[in-house]
Amino acid sequence: MIRLVAIDVDDTLLNSHGVLLESTKTVIKRAISQQVKVVLCSGRPLAGVKHFLAELGITTDNQYVITFNGAVIESVTGKKLAESGLEFSTYKEIDRYSNKHDIAYNIVDADSQIITSNHNVSWVTVVQAWENRAGLLIRTPTELGETAQVIKAVFADEKDKLDQVEKEIIKKFGQKNYVVRAADNFLEVMHQDVNKGNALKILSKKLNISANEIMAIGDERNDIPMFNFAGISVVMANGSAAAKEYADYVTESNDENGIEQAFNKFVLSK
C-alpha cells in the first residue's frame, strides 16, 4: 500500500502552461482524504510552490515539502527539518567561473532570494525569479559576505550553451558537490549530500514510512535519486529518456492527466 507520494513540480505536477489540471487536484485531494502523504519535491524554494500547495489543500504542519532539489526539508508552513547549503568558497569559485566563461548563473539563499553578480542578467534567471515569486538581487560574493547562506547555485543559460559546458562543470565542481542538469536551462550545484532521494529517505524515516510504501513521480535527471529510493517509480510521458530508464511505469504526459492515471493505478482505493 502506498502511504506517501513524492511528486516533482515543473513538467510533472504542472502542465506545460505551469498550472494544475483539475484531474490532478481531484486525485491528490482524494489521496489526502485517504491519509496518503503527498510531498512536492522541487528545485524551487517554498515560496515558489506555496500557491500550488494551497490549491491542493496541503496546508497544515503535518504536511511536508522537499525544496531546492533536496537541500531543504520543511513543513508546508515553513518549519525546517533539515537544511544543507553550499560552502562559501564554492560559491566564490562558481562566481569566478561564470564571469570568466560568460555562463549566466545565480544562487538561491535561505530566504529564497535569487542573487547573481551577472550585470547582463539572463532571461532564464528573470523567469526563475518570477516563477519562484522571489526577489532578484545583483550582488557579488564580497558584497554578500561569508555569512551568506547559499542553498544552491544554478547555471541558468541557453540550452546549447549548457550542453557545451555541462561535462566541464561536472568535472570541475562535481568532486565535492552534487551537480545535476535539472532542466534544459538549469545546471545546478548543491551540497554533496543533497538530492531528492536523500531528502525523501530522511523524511520517510521521520514519518515511519518504508521505501516500498512510497511512489515517486517525475520527469528529469534530478528525479532519479528519488526513483532509486522509492518502491514505485513513475515517469511522465514527456520525461527525459534518462529518467525513463528508471521507470517502473510511464504514465501519460503532464498535459494528458498523467498524475490522475498514476494515482488511480497505484494509490487510490476503489
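What counts as what
- Residues numbered from 1 in each chain as written.
- Predicted model: local features only at pLDDT ≥ 70, side-chain atom pairs only at ≥ 80, totals over all residues.
- Heavy atoms only, no water.
- Axes fitted to C-alpha atoms, helices over the stretch in contact; angles between N-to-C directions.
- Helix = DSSP H or I, 4+ residues; strand = E, 2+ residues; numbered from the N terminus.
- Parallel < 35°, antiparallel > 145°, perpendicular 65-115°, else oblique.
- Left-handed = near helix turned anticlockwise from the far one by under 90°.
- Contact = heavy atoms within 4.5 Å.
- Nonpolar A, V, L, I, M, F, W, Y, C, P; charged D, E, K, R; others polar.
- Buried < 20%, exposed > 50% of the residue type's maximum accessible area, 1.4 Å probe, protein only.
- Pairing = 2+ DSSP bridges.
- Salt bridge = Lys/Arg side-chain N within 4 Å of Asp/Glu carboxyl O.
- Polar contact = N/O pair within 3.5 Å; in protein donor to acceptor, adjacent residues only side chain to side chain.
- Patch = residues over 30% accessible without salt bridge, like charges linked within 9 Å, V, L, I, M, F, W, Y side chains within 5 Å.
- Areas by Shrake-Rupley, 256 points an atom, 1.4 Å probe, with all protein chains shown as cover.
- Lys, Arg positive; Asp, Glu negative; His and termini not counted.
- Charge placed at Lys NZ, Arg CZ, Asp CG, Glu CD.

Here's the deal with the packing of helix H4 (residues 88-101) against helix H7 (residues 159-173)
Contact geometry for H4 and H7: axes closest at 12 Å, N-to-C directions at 150 degrees. Judged by the angle between their axes, H4 and H7 are roughly antiparallel. Here H4 runs over H7; the crossing is right-handed. Across the interface between the two elements, Glu93, Ile94, Tyr97 and His101 of H4 pack against Val165, Glu168, Ile169, Lys172 and Phe173 of H7. Tallied by class, residues from the contact of H4 with H7 come to five nonpolar, one polar and three charged.

Overview of the pairing of strand S11 (residues 186-191)
It is a general feature of regular strands that their side chains alternate between the two faces of the sheet. Counting buried positions over the six residues of S11 gives five, a clear majority of the element. Here strand S9 (residues 150-156) runs beside S11; their pairing, made up of four bridges, is antiparallel. The residue of S11 that forms the bridge with Val154 is Glu188. Taking the residues that link successive antiparallel strands as the turn, the strand S10 (residues 177-183)-S11 hairpin has two residues.

Focus: the pattern of salt bridges
Per the stated rule, a full pass over the model turns up 16 salt bridges. Here Lys196 and Asp8 are joined by a salt bridge, their closest N and O atoms 3.0 Å apart. With Lys196 in helix H8 (residues 196-207) and Asp8 in strand S1 (residues 4-8), the pair connects residues that are 188 residues apart, well separated along the chain. With relative accessibility at 5%, the residue Asp8 sits in the buried group. Glu166 is the salt-bridge partner of Arg221, the closest N and O atoms lying 3.2 Å from each other. Of this pair, Arg221 sits in the loop between strand S12 (214-218) and helix H9 (224-229) while Glu166 sits in helix H7, and the two are 55 residues apart along the sequence. Residue classification places Arg221 among the partly exposed positions, given a relative accessible area of 33%. Linked by salt bridges that have partners in common, Lys159, Asp163, Glu166, Arg181 and Arg221 make up one network.

A short note on the environment of Asn106
Here Asn106 shows up in strand S6 (residues 105-109). By relative accessible area, which is 0% here, Asn106 ends up buried. Between the C-alpha atoms of Asn106 and Asp95, which are eleven residues apart in sequence, the distance is 8.4 Å. Beyond its immediate stretch of four places on either side in the chain, Asn106 contacts Ile114, Ile115, Thr116, Thr125, Gln128, Lys152, Ala153, Val154 and Ala156. Among the polar contacts listed, one links the side chain of Asn106 to the side chain of Thr125, at a separation of 3.0 Å. Within polar-contact distance, the side chain of Asn106 engages the side chain of Gln128 at 2.8 Å.

Examining a negative patch on the surface
Where like charges cluster on the molecular surface, the negative patch consists of Asp11, Asp184, Glu252, Asp255 and Glu256. Along the polypeptide, Asp255 turns up in the loop between strand S14 (249-251) and helix H11 (258-266). Residue Asp255 is classed as partly exposed on the basis of its relative accessible area of 39%.

Things to note about the environment of Ile224
Position of Ile224 relative to the elements: it lies in helix H9. Residue class for Ile224 comes out buried when judged on its relative accessible area of 12%. The spacing of Ile224 and His101 is 123 residues in sequence and 29 Å in space, taken between C-alpha atoms. Ile224 has contacts with Ala242, Ala243 and Tyr246, leaving out every residue within four places of it along the chain.

Function-wise, these values are silent; they only describe arrangement.
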